[in-house]
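Here is what each chain is made of, one letter per residue.
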Amino acid sequence: EITKEQRTLMKVIVDAYSTHQIPQDVAKKLLQEQYSADENFLLLTEMATSQVQVLVEFTKNIPGFLSLDREDQIALLKGSAVEAMFLRSAQVFSRKMPSGQTEVLEERIRKSGISEEFIIPMFNFYKSIVSLHMVQEEQALLTTITILTPDRPYVKDQQAVERIQETMLELLRKLCVLQRPQEPQYFARLLGRLTELRTLSHYHAEMLTSWRTNDHKFTPLLCEIWDVQ
Ligand SMILES: CC(C)c1onc(-c2c(Cl)cccc2Cl)c1COc1ccc(-c2ccc3nc(C(=O)O)ccc3c2)cc1
C-alpha cells in the first residue's frame, strides 16, 4: 500500500521532526524560574523563540521546500509559525512529561497575561489533540501539512506549494488507514484539527495585540516572524 518512495519520504520527515527539538536546557527552564505573570511571559517568549528556530530547521528538511521560491518559503514560515507551535506545544501535553513539565507549561500559559476568552479555546484544542493519541509520524506529517498550506498571505506560486502538500496529504491518508483500520474517519479528524488551528491563529493575533498594549517585549526573531514592533 505504501510505496518505497513514500516510505523514504516518511523517514526523512520523521527524522527531521525528532531531530529538531527545543534544547533540553531551554525546556528545563520551565521548571526552574519563578511564577509571576512577567516571569511566565518571559519564559514563554524564550520557548517560542527557541521553537521558531527549531521550526525553521525542520522546515528546511521537508523535501521540496527549499526548491520553492525564496519569498514563498518565508511567507509559508510566517503564516504557519503559530499553528506549528500550537501542534508542537500540544505534544508536551500529550507526552505527560515525567518531570512535570506538562503541568508547569499549562500553569505558565494560564498565568502569562492571556485573557480567559483565548485560554478556553486554546486548552480545548490541546485536549482535542491529546485525545487523538497521534503517533510521531502523524504529528510530523500534520505539522508538515500545516507549513505547506498554499493560501497563506503573500504566497505567489500557490500551485507549487499545493503539489508538495498533496504528496504529504496522500501519505498521511495512507498512514491513517494502515494505523487505524477500525477508525475510517481518523484522517478526516486530523484534518479537522487544522481548521481549529486557523481559528486559534486568529485569536493569537489578538493575544499579541493585548500583550503589546501592556508593553510586553518580544525577541527580534518573534517580531520578524509575527510582523510586530
Ligand atoms: C511569545 C510567547 C509569550 C508566546 O506567544 N504565543 C505563544 C503561544 C502559546 Cl502561549 C500557545 C501556543 C502557541 C504559541 Cl505561539 C507563546 C509561547 O509559545 C510557546 C511555543 C512553544 C512552546 C514549547 C514547545 C515545545 C516544548 N517541548 C518541550 C520538551 O521538553 O520537549 C518542553 C517545552 C516546550 C515548549 C511553549 C510555548
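Residues numbered from 1 in each chain as written. Predicted model: local features only at pLDDT ≥ 70, side-chain atom pairs only at ≥ 80, totals over all residues. Heavy atoms only, no water.

### Describing the overall build of the protein
The test is simple: Helix and strand labels come from DSSP, where a helix needs a run of H or I of at least four residues and a strand needs a run of E of at least two; each type is numbered from the N terminus. Note on method: radius of gyration uses C-alpha positions; expected globular size equals 2.2 Å times residues raised to 0.38. Per-residue accessibility, obtained with a 1.4 Å probe over protein chains only, is compared with the maximum for each type, and a residue is labelled buried under 20%, exposed over 50%, and partly exposed between these values. Residues are treated as being in contact if the distance between any of their heavy atoms lies within 4.5 Å. Shrake-Rupley sampling with a 1.4 Å probe provides the accessible areas, and residues are treated as covered by the protein chains on show and by no other component. We treat Lys and Arg as the positive residues and Asp and Glu as the negative residues; His and chain ends play no part in the count. Where a charge lies is defined by one atom per residue type, namely NZ (Lys), CZ (Arg), CG (Asp) and CD (Glu).
For the protein, the count of helices and strands is ten helices and zero strands. Helices (α) and strands (β) of the protein occur, in sequence order from the N terminus, as α-α-α-α-α-α-α-α-α-α. Computed over the C-alpha atoms, the radius of gyration of the protein is 18 Å, within 12% of the 17 Å expected from 2.2 N^0.38 for a compact globule of 229 residues. The principal-axis extent of the C-alpha atoms belonging to the protein is close to 50 × 40 × 30 Å. Taken over 229 residues, the protein has a buried fraction of 50%. The long-range fraction of contacts in the protein, counting pairs at least 24 apart against all pairs at least 6 apart in sequence, stands at 75%. Within the structure as shown, the protein displays about 11,500 Å² of accessible surface, and the carbon and sulfur contribution to it stands at 56%. Distance between charge centres in the protein, computed from 26 positive and 31 negative side chains, equals 4 Å.

### As for the nonpolar core
As a reminder, the rule being used: Residue types Ala, Val, Leu, Ile, Met, Phe, Trp, Tyr and Cys, when buried and joined through side-chain atoms within 4.5 Å, form a set referred to as a nonpolar core.
The biggest cluster of nonpolar side chains holds 77 residues, and the ones touching the most others in it are I109, Y126, M168, F218 and W226. Among the elements that line this core, the one with the most residues is helix α4 (residues 70–95), at twelve residues. Those residues within four positions of I109 in sequence are excluded, and the remaining contacts are L44, F93, I114, I119, M122, F123 and Y126.

### Focus on helix α7 (residues 136–147)
What counts is decided by this rule: The span expected for a helix works out to 1.5 Å for each residue beyond the first.
Here α7 contains twelve residues, and its C-alpha end-to-end distance of 17 Å stays within 8% of the 16 Å for a straight helix at 1.5 Å per residue. Listing the buried residues of α7 in full gives E138, Q139, A140, L141, L142, T143, T144, I145, T146 and I147. In the core, the buried residues of α7 are packed alongside α1 (4–19), α3 (37–60), α4, α8 (158–179) and α9 (186–213).

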